[in-house]
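Overview (structure and organization)
Residues per chain, in single letters:
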Amino acid sequence: MIAGGVAGGSVPAAELVALSPWGSFGLVLWKMVVLFAALAVVAAAIFSLIRLLIAVALRHTRLHWLNVCAAWIGCAIFIYAGLHTSALVRETRFMALATRSEPLISAIEDYSHTRGSPPADLGALVPRYFAQVPKTGMGAYPEYRYIAPGRADNPWAIVVRTPNGPLDFDEFLYLPRKNYEDNGIGVPKRIGDWAYIYE
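Parameters and conventions
Residues numbered from 1 in each chain as written. Predicted model: local features only at pLDDT ≥ 70, side-chain atom pairs only at ≥ 80, totals over all residues. Heavy atoms only, no water. Helix = DSSP H or I, 4+ residues; strand = E, 2+ residues; numbered from the N terminus. Polar contact = N/O pair within 3.5 Å; in protein donor to acceptor, adjacent residues only side chain to side chain. Contact = heavy atoms within 4.5 Å. Pairing = 2+ DSSP bridges. Axes fitted to C-alpha atoms, helices over the stretch in contact; angles between N-to-C directions. Expected span 1.5 Å × (residues − 1). Buried < 20%, exposed > 50% of the residue type's maximum accessible area, 1.4 Å probe, protein only. Arc of directions from axis to C-beta. Phe/Tyr/Trp six-rings, centres within 6.5 Å; stacked < 30°, edge-to-face > 60°. Core = buried A, V, L, I, M, F, W, Y, C linked by side-chain atoms within 4.5 Å.

Considerations on the side chain of Asn-179
Mapped onto the fold, Asn-179 is located in the loop between strand 3 (171–174) and strand 4 (187–191). In this structure the side chain of Asn-179 is engaged in a polar contact, spanning 2.9 Å, whose partner is the backbone oxygen of Ala-152. For Asn-179, the side chain forms a polar contact with the side chain of Asn-154, separated by 2.8 Å. The contacts of Asn-179, once residues within four sequence positions are left out, are Ala-152 and Asn-154.

So, the sheet that holds strand 5 (residues 194–198)
The five strands lie next to each other as 1-2-3-5-4, forming an open sheet whose pairing is antiparallel. Two strands bound the open sheet, and with one partner strand each, they are strand 1 (145–147) and strand 4. Taking the axes of each pair of neighbouring strands and ignoring which way they run, one obtains an average angle of 30° across the sheet. Relative to strand 5, strand 3 runs antiparallel, the two being bridged by three bridges. Note on strand 5: the bridge partner recorded for Glu-171 is Ile-197. Against the sheet, helix 4 (residues 102–115) touches strand 1, strand 2 (157–161), strand 3 and strand 5, its axis set at about 150° to strand 2.

Here's the deal with unusual backbone geometry
Comment: phi is negative for the bulk of residues other than glycine, and the bulk of peptide bonds are trans. The omega angle of the peptide bond from Val-126 to Pro-127 is 5°, so this bond is cis rather than trans. On the secondary structure map, Pro-127 appears in the loop between helix 4 and strand 1. Omega for the bond connecting Ala-148 with Pro-149 falls within 30 degrees of zero, at 0°, which places this linkage in the cis form. By secondary structure assignment, the location of Pro-149 is in the loop between strand 1 and strand 2.

Quick word on helix 4
Between its terminal C-alpha atoms helix 4 stretches 20 Å, which fits the 20 Å expected from 14 residues at 1.5 Å a residue. Burial in helix 4 covers these residues: Leu-104, Ile-105, Ala-107, Ile-108, Tyr-111 and Ser-112. Considered in projection along helix 4, the buried side chains sweep an arc of 160° and stay on one side of the axis.

Remarks on the packing of aromatic side chains
The relative placement of two aromatic rings is captured by the distance of their centres and the angle of their planes. Under the definition given, this model contains nine aromatic pairs. Note on Phe-94 and Tyr-196: the rings are 5.4 Å apart at their centroids and 70° apart in plane angle, and the pair reads as edge-to-face. Of this pair, Phe-94 sits in helix 3 (residues 63–100) while Tyr-196 sits in strand 5; the two residues are 102 residues apart in sequence, bridging distant segments of the chain. Of the residues examined, Tyr-196 reaches a relative accessible area of 4% and is grouped as buried. Each residue in the set Phe-94, Tyr-141, Tyr-146, Trp-156, Phe-172, Tyr-174, Trp-194, Tyr-196 and Tyr-198 is aromatic and connected to the rest through ring pairs, giving one cluster.

Structural notes on the nonpolar core
Burial of nonpolar side chains together is a common tendency in soluble globular proteins. Core analysis: the largest hydrophobic core is formed by 35 residues, its most contacted members being Phe-94, Ile-158, Phe-172 and Trp-194. Elements represented by at least two residues in this core include exactly helix 3, helix 4, strand 1, strand 2, strand 3 and strand 5. Top element by residues in this core is helix 4. It accounts for five residues. When near neighbours in sequence (up to four residues on either side) are disregarded, Trp-194 contacts Ala-98, Ser-101, Ile-105, Tyr-144, Ile-158, Val-160, Phe-172, Leu-173, Tyr-174, Tyr-180 and Lys-189.

Concerning the side chain of Ser-112
Mapped onto the fold, Ser-112 is located in helix 4. A distance of 2.8 Å separates a polar atom in the side chain of Ser-112 from the backbone oxygen of Ile-108. Residues within four places of Ser-112 in sequence aside, it is in contact with Ser-117, Pro-118, Pro-119 and Trp-156.

The structure is reproduced here in structure tokens:
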């Protein structure tokens, strides 16, 4: 049960650090390790429960299997709580990114209004709007990807690739027209004026 508590607690901590300026994508992958561990724990808990029921049916000593079953179930609860807390941390961090990105969006809109068309790339905003091309401030996902023309009939779009595992293609997306349902990629979840797109 202690191992489950440590694993469950390390998941939101890893998420918090990964989405900070000094984080890395390797910390995001830690959640995948814990997820597979959680599946193994659940399988072990089911096996222990079945073994306990067999011991009860055969009237064998069942105290040992009751303790084992309780320990596995406790581990599963700790790991589930860690994964759930990690999801809350992730959403909060992306809400903060949406707020931090407002100057970038304002700069693109001002550039578009002044020049009559959106910038070709984010480098065009330097040095008038920024000293250097802006970063997200997230160590795991440091780069803004600017697209012009954008998706879903938008003149431009900003994408932050946010994989939540090695074979994951999630994105954090900004469309000026906010027509996220037409993005053609995945299911959007609105976070401020942005949308988190699940693959």
